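Topology and contacts: notes
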There are 2 protein chains.
Amino acid sequence: MLKRLTVLGVALLIGLPMYSLVQAEAPSKEPISAIKPAKVANPAMAELGKKLFFDTRLSKSGFISCNSCHNLSMGGTDNLKTSIGHNWQKGPINSPTVLNSSLNVAQFWDGRAADLKEQAGGPIANPGEMASNHALSVHILQSIPGYVSEFKKVFGTDKIDIDKVTASIAAFEETLVTPNSRFDKWLAGDKKALNDQELAGYKLFKEAGCSGCHNGPAVGGNSFQKMGLVEPYKGNTNDGRSAVTGKDADRFNFKVPTLRNVELTYPYFHDGEAATLSEAVDVMGRLQLGRKFTADENAKLVAFMISLTGEQPSFKLPQLPPSSDITPRPDPFGK
Amino acid sequence: MLKRLTVLGVALLIGLPMYSLVQAEAPSKEPISAIKPAKVANPAMAELGKKLFFDTRLSKSGFISCNSCHNLSMGGTDNLKTSIGHNWQKGPINSPTVLNSSLNVAQFWDGRAADLKEQAGGPIANPGEMASNHALSVHILQSIPGYVSEFKKVFGTDKIDIDKVTASIAAFEETLVTPNSRFDKWLAGDKKALNDQELAGYKLFKEAGCSGCHNGPAVGGNSFQKMGLVEPYKGNTNDGRSAVTGKDADRFNFKVPTLRNVELTYPYFHDGEAATLSEAVDVMGRLQLGRKFTADENAKLVAFMISLTGEQPSFKLPQLPPSSDITPRPDPFGK
């Protein structure tokens with residue numbers, strides 16, 4: 001970021017038009033880098049994690065799975081402002097996409113989980129989400145012969161524990177990267193992959209400063225920033241990062257969301273209050289950059305962002321091993 | 001059924017042991033016939049229907065899809081006693097499996113829908129289930145460019161209507177058959193496909209009269225019968241079929257459920273009150289046949305029924321076309 005601004009400063013000083021500057025940049029100088037296909041270290045563990053990701057028995061009700069709110073048919077989100085939890089509770093925050101989440105600096109909007117493994121245990125035991133607990137989840141899985149044999153194959157032991165459960169879910173989630181977007185093809189040298197409007201949008205994205213925060217392979221996800229930098233945000237004023245750090249300076253700070261697959265991950269922001277990409281661009285311009293984008297600029301930025309939609313995860317719907325007679329049954333309507 | 005009973009009567013009259021009778025039966029005389037693989041008449045329509053089956057936008061909340069209660073990772077059911085509907089409403093009845101449902105004489109436990117197409121429209125507009133309505137569903141789909149082009153490809157017109165929606169969902173559901181169970185392999189002549197206990201279970205299944213109602217390719221699904229024939233049922237005394245026919249004689253009558261994949265479709269009965277196959281066998285024996293199966297008989301019957309688990313639907317998780325800026329947004333927490 002600093003480096004880019006310095007280059008920009010020099011460019012302004014010597015009177016170079018921005019256009020030529022952008023054109024002159026070698027691909028390695030771009031603030032965004034390509035998403036690489038997943039290297040699956042342990043396919044059997046990822047396969048087990050896929051089943052667990054789709055398994056509603058990890059919730060108290062037997063109705064909610066990881067995929068309910070991070071729906072892999074819908075960009076890894078639920079496309080709701082905030083999620084629906086156990087007993088139809090209204091969640092406090094928008095479900096971020098699970099796609100490319102392995103690239104995040106930390107997990108959750110406030111970064112309270114260091115990695116995907118730590119994250120995976122959260123919703124299972126959150127009374128407002130899946131409303132189960134780790135002991136019950138392990139007890140349920142341990143009673144299902146199909147799981148016991150699969151855990152044994154992966155971990156070399158019959159004894160299931162929550163660490164193995166969350167490690168498997170994380171191993172699956174690490175496979176959920178979305179390479180080969182049109183933008184990445186352009187980065188790789190296919191100059192026809194983007195049209196003029198998309199290229200103009202990318203140029204503006206960099207010039208206006210969007211890429212100051214939305215950069216790297218995930219086009220975000222790698223820093224925390226204040227929501228409402230120039231102008232205060234009038235939506236849901238969740239404390240954000242300060243709830244984790246205890247620092248007042250971190251109030252209203254959130255992990256910068258990835259813009260990969262942003263075409264699919266509506267609605268936007270931590271509170272889901274921006275229904276469309278156009279609205280999100282407008283709010284970001286005013287609140288973070290102090291700039292009102294024209295309709296034409298807005299359309300260009302949106303066109304560029306849609307070029308970030310990559311190849312979605314492609315796998316067969318998993319078949320879950322059936323419960324046994326001794327498996328504790330779901331309790332959707334109990335206290 | 002009548003024919004089988006006649007043969008049985010003759011066998012009893014002439015003193016033939018039942019075992020030799022069963023052994024002597026040619027495959028064509030079996031009360032159960034094999035499930036045939038689906039012939040997909042219109043693959044593009046089935047593919048469109050698959051997307052719709054997984055699309056939560058057909059519900060008011062944007063959270064519930066057909067797959068929520070007919071989960072194709074879990075035997076085409078939700079494995080709950082009764083389903084969870086909009087706003088966490090408790091459903092009045094157990095969700096029957098969608099697997100092999102094209103073989104049913106009619107749809108729903110009370111047979112109120114003649115076929116899968118008619119059935120598909122029900123839950124979308126049921127305030128206790130998906131809580132949307134047909135006009136809104138069509139309006140939503142019509143606003144999604146990816147759907148509009150797919151409907152055009154399938155139906156030759158841009159104009160979506162509920163008939164095309166439900167016809168597509170039904171076309172997908174018709175593909176959800178489960179051939180090649182171990183039992184079907186045995187039927188086809190592979191005598192090693194079943195072990196002695198499973199064969200003994202099948203013999204008992206026929207002798208005891210289970211196959212009087214559970215017969216045909218779906219091992220059920222082809223007639224309505226009274227729940228509590230010999231002894232009244234003490235569970236949920238839903239009116240059943242009489243709500244459709246208006247006939248008092250049809251009270252407590254329900255469509256006989258398929259036993260295909262019954263290993264996966266727990267809990268059992270229209271009210272889901274039997275948690276295990278063993279419990280279901282015990283209740284059926286006493287209430288329908290006036291017979292208390294011994295533990296050994298029960299185990300044999302269960303072993304036979306588990307051999308009815310067929311090949312589950314195998315397809316890639318569908319990717320849904322994203323909403324456009326004008327697509328009406330879900331309303332999970334509204335009135």
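On a predicted model such as this, the values are computed, not experimentally measured, just so you know. (Residues numbered from 1 in each chain as written. Chains lettered and ligands numbered in written order. Predicted model: local features only at pLDDT ≥ 70, side-chain atom pairs only at ≥ 80, totals over all residues. Heavy atoms only, no water.)

**Some thoughts on the interface of chain B and chain A**
Taken together, the 47 residues of chain B in the interface contact 47 residues of chain A. When the buried surface of chain B facing chain A is broken down by residue, Phe63(B), Trp88(B) and Phe333(B) rank first, second and third, together holding 23% of it. There are zero salt bridges connecting chain B and chain A. Our count for the contact surface shared by chain B and chain A stands at 20 residue pairs in polar contact (both at pLDDT 80 or more). Counting only elements with at least two residues in the side of chain B that touches chain A, the list comes to helix H4 (66–69), strand E1 (84–85) and strand E2 (89–90) of chain B. (Contact = heavy atoms within 4.5 Å. Buried area = accessible area lost by both parts, 1.4 Å probe. Salt bridge = Lys/Arg side-chain N within 4 Å of Asp/Glu carboxyl O. Polar contact = N/O pair within 3.5 Å; in protein donor to acceptor, adjacent residues only side chain to side chain. Helix = DSSP H or I, 4+ residues; strand = E, 2+ residues; numbered from the N terminus.)

**Some thoughts on the packing of aromatic side chains**
Residues and elements named next belong to chain A. For the structure on display, the rule yields 30 aromatic pairs over all chains. Residues Phe-205 and Phe-304 carry aromatic rings whose centres are separated by 4.8 Å and whose planes lie at 55° to one another, so their mutual orientation is tilted. A residue pair is termed long-range when its members are at least 10 positions apart, and Phe-205 in helix H10 (residues 196–207) and Phe-304 in helix H13 (residues 295–306) qualify at 99 residues. Given the relative accessible area of 2%, Phe-205 is considered buried. (Phe/Tyr/Trp six-rings, centres within 6.5 Å; stacked < 30°, edge-to-face > 60°. Buried < 20%, exposed > 50% of the residue type's maximum accessible area, 1.4 Å probe, protein only.)

**With respect to unusual backbone geometry**
Between Tyr266(A) and Pro267(A) the backbone carries a cis peptide bond, its omega angle lying at -10°. One non-glycine residue, Trp88(A), lies in the positive phi region at around 65°. Within the fold, Trp88(A) resides in the loop between strand E1 (84–85) and strand E2 (89–90). Notably, Phe252(B) is not glycine yet its phi reads approximately 65°, a positive angle. Structurally, Phe252(B) can be placed in the loop between helix H11 (242–245) and strand E4 (253–255). Classification of Phe252(B) as partly exposed rests on a relative accessible area of 23%.

**Re helix H3 (residues 43–54) of chain A**
Residue and element names in this part refer to chain A. With twelve residues, H3 extends 17 Å from end C-alpha to end C-alpha; this agrees with the ideal 16 Å at 1.5 Å per step. Of all twelve residues in H3, nine are buried, a share of seventy percent or more. Listed in full, the buried residues belonging to H3 are Met-45, Ala-46, Leu-48, Gly-49, Lys-50, Lys-51, Leu-52, Phe-53 and Phe-54. (Expected span 1.5 Å × (residues − 1).)

**Some thoughts on the confidence of the model for chain A**
On average, residues of chain A carry a pLDDT of 92, and 91% of them reach 70 or more. Model confidence for the complex is summarised by a pTM of 0.91, with the ipTM given as 0.91. (pLDDT = per-residue confidence, 0-100.)

**Re the relation of the copies chain B and chain A**
With an axial shift of 0.0 Å and an RMSD of 0.0 Å, the rotation relating chain B to chain A amounts to 180°. Such a combination of turn and shift is consistent with a two-fold rotation axis. Within chain B, the C-alpha atom positioned nearest to the axis of rotation is that of Lys316(B), 2.0 Å from it. Taken together, the interface assignments show that 100% of the residues at the interface of chain B recur at the interface of chain A, consistent with an identical surface on both copies. (Least-squares fit on C-alpha atoms with pLDDT ≥ 70 in both.)

**Considering the nonpolar core**
In summary, soluble globular proteins display a tendency toward joint burial of nonpolar side chains. Of all hydrophobic cores here, the largest spans 74 residues; its most connected members are Leu52(A), Leu72(A), Leu52(B) and Leu72(B). Excluding residues within four positions of it along the chain, Leu52(A) makes contact with Leu58(A), Cys66(A), Leu141(A), Tyr147(A), Phe151(A), Val165(A), Ser168(A) and Ile169(A). (Core = buried A, V, L, I, M, F, W, Y, C linked by side-chain atoms within 4.5 Å.)

**As for the environment of Asp239(A)**
All names here are of chain A. Position of Asp-239 relative to the elements: it lies in the loop between strand E3 (224–226) and helix H11 (242–245). Taking the relative accessible area as the measure of exposure, Asp-239 reaches 36% and is therefore partly exposed. Distance in space between the C-alpha atoms of Asp-239 and Asn-253 is 7.4 Å, their sequence separation being 14 residues. Beyond its immediate chain neighbours, meaning those up to four positions away, Asp-239 contacts Asp-250, Arg-251, Phe-252 and Asn-253.

**Side note on the environment of Ile306(A)**
All names here are of chain A. Within the element layout of this structure, Ile-306 appears in helix H13. C-alpha separation for the pair Ile-306 and Ser-181, spaced 125 residues apart in sequence, amounts to 9.3 Å. Beyond its immediate stretch of four places on either side in the chain, Ile-306 contacts Glu-263 and Leu-277.

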